[in-house]
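Fold and contact review
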Amino acid sequence: ICSLAQPLVTMPIRHHLATIALAWAATLTLALGTEEIKVTVHEGPKSCADFDAEKKPTKVQKDYSVAFHFTAYDDATGGKIESSHDLGVAPSFPVGQGKVISGLDQGLIGLCKHSKAYIVIPPHLAYGTMGKPEQGVTKDTILRYDVEIIDIQPPVPNDFKDIDSNKDWKISRKEATYYFESKNQNVDIDALFKTEDTDGDGYVSWEEFTGPKGAEGPPSTRQKQQTQEVDPLEQAAAIFQQMDLDSDGKISKEELAAAFELMGEKMTDEFWTESDANGDGYVSWDEFTGDPGREEL
């Protein structure tokens, strides 16, 4: 259920084709982004107050931590994709902070404790144009999450996040000064850093900070790599396959023209001639990438 951003293609697509491919992909996302999330509570409370008599949260709200069980399905086929029940543990995370796919992040908000619901998520709010092939999720897969809200907890105070204005997981003297001045608090910054900056590098890291700092620290090196490292070949392949409307492994003149039309533009003969390098009437995978050493799809 991890959230995946859709980064730019970085592989060596032919320069002129890269421009149209990226613009077309962005336009396609907007065109497909008209479907909405559908949430249906099928068991348990359908409405509830924000808090119970003991002031404990009973409704999922943004930034609140929710523990829930889920099973994700392909909505069209009913095939199971993944389930927390198989892991034997209900995941918990703060809602509305991008910890999971956008559709689930949004769909959980407003659900009541102990309710069970179906959350149907369109592709553009799930894994987008890249899909998640390792789990059988394509660019067209509509997901259905069957969720059960187990517990809800209020946000954990996080002064570190508020002070760290540039979100680099360390507090500079400038950030600390600005924060306390904005709060009209007279704080001795030198004394503060003498206490908090234990390694003397001029910054207060999340690990060094002794005040309220939330439940989660900075991402691990591996998490950063997983976020930053994107397979450019898969990105380009996804765009190629979407432009290849009849799925014959090559892009015809009509298919490339259709991509232009989707963006409200008209393809020129000059552009087609440059794209179809060998003049056979199609843009092959090799011509698309400009790399004859790669296999065609």
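Described in the following lines is the structure provided in the data block. Remember, it's a predicted structure, so these values are computed and weren't measured experimentally. (Residues numbered from 1 in each chain as written. Predicted model: local features only at pLDDT ≥ 70, side-chain atom pairs only at ≥ 80, totals over all residues. Heavy atoms only, no water.)

Quick look at helix H9 (residues 253–262)
For an α-helix, the turn length of 3.6 residues means that residues three or four places apart are oriented alike. Among the residues of H9, those classed as buried are Glu 255, Leu 256, Ala 257, Ala 259 and Phe 260. Looking one or two places after H9, you find Gly 264, whose phi comes out positive at around 75 degrees. (Buried < 20%, exposed > 50% of the residue type's maximum accessible area, 1.4 Å probe, protein only. Helix = DSSP H or I, 4+ residues; strand = E, 2+ residues; numbered from the N terminus.)

Here we look at the nonpolar core
One finds Leu 104, Leu 108, Tyr 145 and Val 147 to be the most contacted residues of the largest nonpolar core, which totals 28 residues. Counting residues per element, the ones that place at least two in this core are strand E2 (65–74), strand E5 (116–121) and strand E6 (143–153). The element best represented in this core is E6, accounting for five residues. With sequence-adjacent residues up to four places away left out, Val 147 is seen in contact with Phe 68, His 69, Phe 70, Leu 104, Leu 108, Leu 111, Ser 115, Lys 116, Ala 117 and Ile 119. (Core = buried A, V, L, I, M, F, W, Y, C linked by side-chain atoms within 4.5 Å. Contact = heavy atoms within 4.5 Å.)

Notes on the pattern of salt bridges
When the charged atoms of two side chains lie near each other, side chains of opposite charge can form a pair. Counted under the stated rule, the structure contains ten salt bridges. With its nearest N and O atoms 3.7 Å apart, the salt bridge here joins Lys 116 to Glu 43. Residue Lys 116 is found in strand E5, and its partner Glu 43 is found in strand E1 (residues 38–43); the two are separated by 73 residues along the sequence. Given a relative accessible area of 25%, Lys 116 falls into the partly exposed group. With a shortest N-O distance of 3.4 Å, Lys 62 and Asp 63 are connected by a salt bridge. Look at Asp 63 and you get partly exposed, because its relative accessible area is 27%. (Salt bridge = Lys/Arg side-chain N within 4 Å of Asp/Glu carboxyl O.)

Side note on the packing of helix H5 (residues 173–182) against helix H6 (residues 189–196)
The geometry of H5 relative to H6 is characterised by a closest axis approach of 11 Å and an angle of 125 degrees between their N-to-C directions. Here H5 lies oblique to H6, going by the angle between them. In terms of crossing hand, the pair formed by H5 and H6 is right-handed. Residues Arg 173, Ala 176, Thr 177 and Phe 180 of H5 touch H6, and the partners they reach there are Ile 189, Asp 190, Leu 192 and Phe 193. In the contact of H5 with H6, the residues fall into five nonpolar, one polar and two charged. (Axes fitted to C-alpha atoms, helices over the stretch in contact; angles between N-to-C directions. Parallel < 35°, antiparallel > 145°, perpendicular 65-115°, else oblique. Left-handed = near helix turned anticlockwise from the far one by under 90°. Nonpolar A, V, L, I, M, F, W, Y, C, P; charged D, E, K, R; others polar.)

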